[in-house]
Amino acid sequence: MKLITDNKEYADEYLKSTTNPESFWAEQANDFVWRKKWAAVLQWDFNTPEVKWFLGGKLNITENCIDRHLPTRANQTAILWESNDPVETSKKITYQQLYEQVCKVGNMLKANGVKKGDRVCIYMPMIPETAYAILGCARIGAVHSVVFAGFSSGSVADRINDSGCKVLLTSDGAFRGDKSINLKSIVDEALLKSPSVEKCIVVERTKVAINMQTGRDAWWHTEMQNAPTVCEAEEMDAEDLLFILYTSGSTGKPKGMVHTCGGYMVYVGYTFKTVFQYKEGQLYWCTADVGWVTGHSYILYGPLLNGGTSLMFEGVPSWPDMGRFWQVIEKHKVNIFYTAPTAIRSLEKAPISFVEKYNLSSLQVLGTVGEPINEEAWQWYNKNIGKHNCPIVDTWWQTETGGIMISPIAGITKTKPSFATLPLPGVQPAVMGENGKEMEGNNIEGRLTIKFPWPSMARTIYGDHQRFKETYFSTFPGKYFTGDGCKRDEDGYYRITGRVDDIIIVSGHNMGTAEVESAIDEHSAVCESAVVGYPHDIKGQGIYAFVVTYEPVHEETHLRNEIKEVVSKIIGPIAKPDKIQFVSGLPKTRSGKIMRRILRKIAEGDTTNLGDITTLLDPTVVDEIKSGAL
Ligand code: WTA
């Protein structure tokens, strides 16, 4: 795959990708190993919606991630693992070792009855076995469904049940900073509600005492012991499922986004190389968790497809102290560093001595992902981490898009703080106006849609194609609607302004307000609630809950803590509200719809400009809420 070397070449490639998308993507796809070449590049209809790429093509993504590198890279490190605890020795996993471990997992899964097309849930921390597990599924054509290891048992069970997983891979526990989390006990609870799981295989990590249910549970090391180190890769159709990954919706339960083998491989491989300008021998570190799409695409698949070396970090930025990221960069001489704005904002608050203590001169490219980056954080990152010497790629994309969509190309695209800048080749954004029509020209603001398919777009929501159509293809017929608002400035640069639906992004994690509300409502004292986002210094957005109780509240702090506990138990600690205001009623229209616009304003601290409230059933409730705002 060739690198784009200047702006003219970007413009040429972009033009080529829009005038003849099929030949553009066929050219990229030719850089990969196919068992059988595709018969047609693309078939699509955004109304049904149906999208297929590389039709009839046959491949296995692990052959592209591993096998094809073996002749030249068997002894090169594929994954460099850094423990949560700086005292524990790091691990270098070479391409040869990765090959063997992935084959062993493939064989172990087969021995446990897993066949092509079966779903396997992976609920594991950031340890090498998790990478083997994901790739081991792909090796035998099983569909992996990774669930972030911070979710509660209820969330795990919902996800397992939605996709009918047959096997669950987990660990005894997880280390996170100074905490140790007992994952297996969460799993035990989840499995009481997940009858489809026949087998649960447990990696030993924290050595905490756990329950093992005879017949159902087995140790990873026992199961792996005699598994052969060679496992023929399953031949997959380009459109066979590679994985399911859940993301929050603005209403209802989380959506299992479906990604397929061929298109995902081509797009993620292409964008990793292009955006970061990854060069032979560089050490790349993405700090995301493999439980999110960033981890799937840009810790594992993207770097490995390019024969790269990817650092996998088990820990957190704040432990043993706020210098941990910078210490790891110095220790391993990281060249490319990709993290979230929320991490930058929290590290920015720590004394600068935590940064200055370390030599960061190995860094060449910096990246951000997951939420808009404010200008101050961008400048701090540029000055203190990049030393004004590293291009920052602010990459906009989504679980649904599979890979980076709008982003500078490192060192080539002129950056502008808080702008994701320009669409990558192959990406055709359209900004939609209030009237539902595409807005032409620059200096505009509207809703961000994509009007032409790209290879790694999600194909459906697992088990609910109708919801897929309604969520993404109905607001603006014939276009994929991202749910984000954006501006396009005088240079044609895109600035993502945030969600325009009822999803809030808290520390880079998507959260459906409806999901949080229904968790709050589970508390027996709560009658109803409404949740909105508000600007938060570090998290980007915080969760603000307006709660109506059956009885007047006497001990507010106590009840607040109880509600937080309930939410933490039902969804996970990341969904805990930051602020809970008890109110006697919610502002509703005569038809019973909650006017979130008003609540959002109050949560933002803007109480003077609430707009028209005359359509409310009971306008007096607004004054009460205003006066009690937190
Ligand atoms: C937001 C993460 C501004 C956006 C890869 C999107 C961003 C949602 C950026 C998807 C960015 C992601 N600038 N906003 N660079 N990157 N977002 O599915 O609102 O976890 O719709 O995928 O994050 O979050 P998701």
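Keep in mind it's a predicted model, so treat the numbers as computed, not measured.

Visitor: Go over the pattern of salt bridges, please, and point to the residues and values.
Guide: In total, this model carries 38 salt bridges according to the counting rule given. Across the pair D484 and R499 runs a salt bridge, and its minimum N-O distance is 3.9 Å. Of the two residues, D484 sits in strand β24 (residues 480–488) while R499 sits in strand β25 (residues 494–499), which places them 15 residues apart along the sequence. For D484, a relative accessible area of 5% corresponds to the buried category. Of the charged contacts, one joins D502 and R600 as a salt bridge, the two residues approaching to 3.2 Å between their closest N and O atoms. A residue pair is termed long-range when its members are at least 10 positions apart, and D502 in the loop between β25 and β26 (503–506) and R600 in helix α19 (residues 596–604) qualify at 98 residues. For R600, a relative accessible area of 32% translates into the label partly exposed. Where salt bridges share partners, they join R35, E63, E232 and E235 into one cluster.

Visitor: How would you explain the domain arrangement of the chain if you had to name every residue and give the values?
Guide: Domain parsing of the chain yields domain 1 (1–60 + 260–455 + 488–501) and domain 2 (503–627). Of the residues lining the interface, 9 residues belong to domain 1; the matching set on domain 2 comes to 10 residues. Around 930 Å² of area is buried between domain 1 and domain 2 when both sides are counted, 56% of it from carbon and sulfur atoms. Interface area lost by domain 1 to domain 2 is led by W292, T342 and R499, which between them contribute 42%. Along the contact surface separating domain 1 from domain 2 lie 0 salt bridges. The tally of links between domain 1 and domain 2 comes to 4 residue pairs in polar contact (both at pLDDT 80 or more). At 3 residues, helix α13 (residues 341–348) tops the list of elements feeding residues into the side of domain 1 that touches domain 2.

Visitor: A description of the sheet that holds strand β5 (residues 91–94) should follow, citing residues and the corresponding values.
Guide: The 7 strands are arranged β5-β4-β17-β16-β18-β19-β20 in an open sheet whose pairing can be described as mixed. What marks the edges here is a single partner per strand, and that holds for β5 and β20 (392–395). Across this sheet, the average inter-strand angle for adjacent strands is 20 degrees, counted without regard to direction. Relative to strand β17 (residues 309–313), strand β16 (residues 283–286) runs parallel, the two being bridged by 3 bridges. Counted as the bridge partner of W285 is L311 from β17. Relative to the sheet, helix α5 (residues 95–111) contacts β4 (77–82) and β5, its axis offset from that of β5 by approximately 80 degrees.

Visitor: Explain the side chain of T130 residue by residue, including any values.
Guide: You can see T130 is positioned in helix α6 (residues 128–140). Side-chain polar atoms of T130 contact the backbone oxygen of P125, separated by 2.6 Å. Ignoring sequence-local partners within four residues, the contact set of T130 consists of I122, M124, P125, V290 and M312.

Visitor: Please set out the pairing of strand β29 (residues 540–549) residue by residue, giving values where relevant.
Guide: Of all 10 residues in β29, 8 are buried, a share of seventy percent or more. Sheet analysis places strand β28 (residues 526–536) next to β29, joined by 10 bridges and oriented antiparallel. Bridge pairing links H536 to G540 in β29. Between β28 and β29, which pair antiparallel in sequence order, lie 3 residues. Direction of pairing for β29 relative to strand β30 (residues 579–583): parallel, over a ladder of 5 bridges. When the sheet's bridge partners are listed, F546 is paired in β30 with Q581. For the crossover from β29 across helix α18 (residues 556–570) to β30, the handedness is right-handed.

Visitor: Residue-level account of the nonpolar core, with values.
Guide: Among the nonpolar cores identified, the biggest contains 121 residues, and W34, F54, L98, L169, W220, F276 and Y301 are the most heavily contacted of them. Examining the composition of this core, we find that 10 residues originate from one element, helix α10 (residues 261–276), more than from any other. Ranked by size, the runner-up nonpolar core spans 38 residues in total, among them A157, L183, V202 and V567.

Visitor: Give a detailed account of the site of the ligand, specifying residues and quantitative values.
Guide: Surrounding the ligand, one finds 17 residues, the nearest of these being D394, T395, T399, D484 and R499. Measuring from a nitrogen atom of the ligand, one finds a backbone N or O atom of T395 at 2.8 Å. One of the side-chain N or O atoms of N510 is found 3.3 Å from an oxygen atom in the ligand. For the ligand, whose accessible area on its own is 530 Å², the fraction buried by protein is 96%. For the shell around the ligand, the secondary-structure elements that each account for two or more residues are α11 (293–305), β20 and β25. Here the residues of the shell around the ligand sort into 7 nonpolar, 6 polar and 4 charged.

Visitor: Give a description of the environment of R139 that names residues and reports values.
Guide: Relative to the elements of secondary structure, R139 occurs in helix α6. Overall, the relative accessible area of 2% leaves R139 in the buried class. Considered as a pair, R139 and V187 are 48 residues apart in the sequence and their alpha carbons are 25 Å apart. With residues up to four places along the chain from it excluded, the contact list for R139 reads N60, T62, E63, D67, Y99, V102, C103, C231, E232, A233 and E234.

Visitor: Explain the packing of α13 against helix α15 (residues 375–385) to me, using residue names and the numbers behind them.
Guide: Each packed pair of helices is defined by two parameters, the angle between the axes and the distance between the axes. Running from amino to carboxyl end, α13 crosses α15 at an angle of 75 degrees, the nearest separation of the two axes being 10 Å. In terms of orientation, α13 and α15 fall into the roughly perpendicular class. For the pair α13 and α15, contact is made by I344, R345, L347 and E348 and by E376, A377, W380 and Y381, respectively. Class assignment for the residues of the contact of α13 with α15 results in 5 nonpolar, no polar and 3 charged.

Visitor: Explain the environment of V334 to me, and be specific about the residues and the numbers.
Guide: Within the secondary structure, V334 is located in the loop between α12 (324–332) and β18 (336–339). A relative accessible area of 0% places V334 in the buried class. V334 sits 49 residues away from W285 along the chain, and the two C-alpha atoms are 6.8 Å apart. V334 has contacts with L283, W285, L311, V328, I329, S362 and L363, leaving out every residue within four places of it along the chain.

Visitor: Kindly report on the packing of aromatic side chains, identifying the contributing residues and their values.
Guide: This structure, assessed with the given rule, holds 42 aromatic pairs. Here the aromatic rings of W44 and F46 are separated by 4.9 Å at their centres, their planes lie at 80 degrees, and the arrangement is edge-to-face. Since its relative accessible area comes to 36%, W44 is described here as partly exposed. For the ring pair Y472 and Y480, a centre distance of 5.5 Å and an interplane angle of 15 degrees mean the geometry is stacked. What makes Y472 buried here is its relative accessible area of 3%. Ring pairs connect the aromatic residues F24, W25, W34, W38, W53, F54, Y267 and Y270, which therefore count as one cluster. K416 extends its terminal NZ or CZ atom over the ring of F419, reaching a point 5.1 Å from the ring centre.

Scoring rules and cut-offs
Chains are numbered independently. Their residues run from 1 in the order of the written sequence. In view of the model being predicted, local features appear only for residues whose pLDDT reaches at least 70, and side-chain atom pairs are presented and counted only at 80 or more, with totals across whole chains, interfaces and linings using the full set of residues. Note: side-chain values were computed over all heavy atoms of the structure, leaving out hydrogens and water. By definition here, a salt bridge exists when the distance from a side-chain nitrogen of Lys or Arg to a carboxyl oxygen of Asp or Glu is within 4 Å. Numbered from the N terminus, helices here are DSSP runs of H or I no shorter than four residues, and strands are runs of E no shorter than two. Residue exposure (1.4 Å probe, protein chains only): buried if accessible area is under 20% of the type maximum, exposed if over 50%, otherwise partly exposed. An automatic or database domain assignment is the source of the domain bounds shown. By definition, residues are in contact when any of their heavy atoms lie within 4.5 Å. Using a 1.4 Å probe, buried area is obtained as the accessible area two parts lose upon being combined, added over both of them. As used in this structure description, the phrase polar contact means that two N or O atoms lie within 3.5 Å; if the pair is within protein, one of them must be able to donate a hydrogen and the other to accept it, and residues adjacent in sequence are counted only when both atoms belong to side chains. Each pair of strands is called paired provided DSSP finds at least two bridges between the two strands. To obtain an axis, a line is fitted to C-alpha atoms, over the contacting stretch when the element is a helix, and the angle between two such axes runs from 0 to 180 degrees between their N-to-C directions. A clockwise path from the first strand over the helix to the second, with the strands pointing away from the viewer, defines a right-handed crossover. Nine residue types can take part in a nonpolar core, namely buried Ala, Val, Leu, Ile, Met, Phe, Trp, Tyr and Cys, and a core is a set of them joined through side-chain atoms within 4.5 Å. One heavy atom suffices: a residue is near a molecule or strand as soon as one of its heavy atoms comes within 4 Å of it. In these tables, accessible area is a Shrake-Rupley quantity obtained with a 1.4 Å probe, and a residue counts as shielded only by the protein chains included in the view. Lys, Arg, Asp and Glu make up the charged group, whereas Ala, Val, Leu, Ile, Met, Phe, Trp, Tyr, Cys and Pro make up the nonpolar group; the residues left over, Gly among them, are polar. Convention used here: angles under 35 degrees read as roughly parallel, angles over 145 as roughly antiparallel, angles from 65 to 115 as roughly perpendicular, and any remaining angle as oblique. Pairing of aromatic rings covers Phe, Tyr and the six-membered ring of Trp, with a centre-to-centre limit of 6.5 Å; geometry is then stacked below 30 degrees between planes, edge-to-face above 60, and tilted otherwise. By definition, being over a ring means that NZ of Lys or CZ of Arg is both within 6 Å of the ring centre and within 35 degrees of the ring normal.

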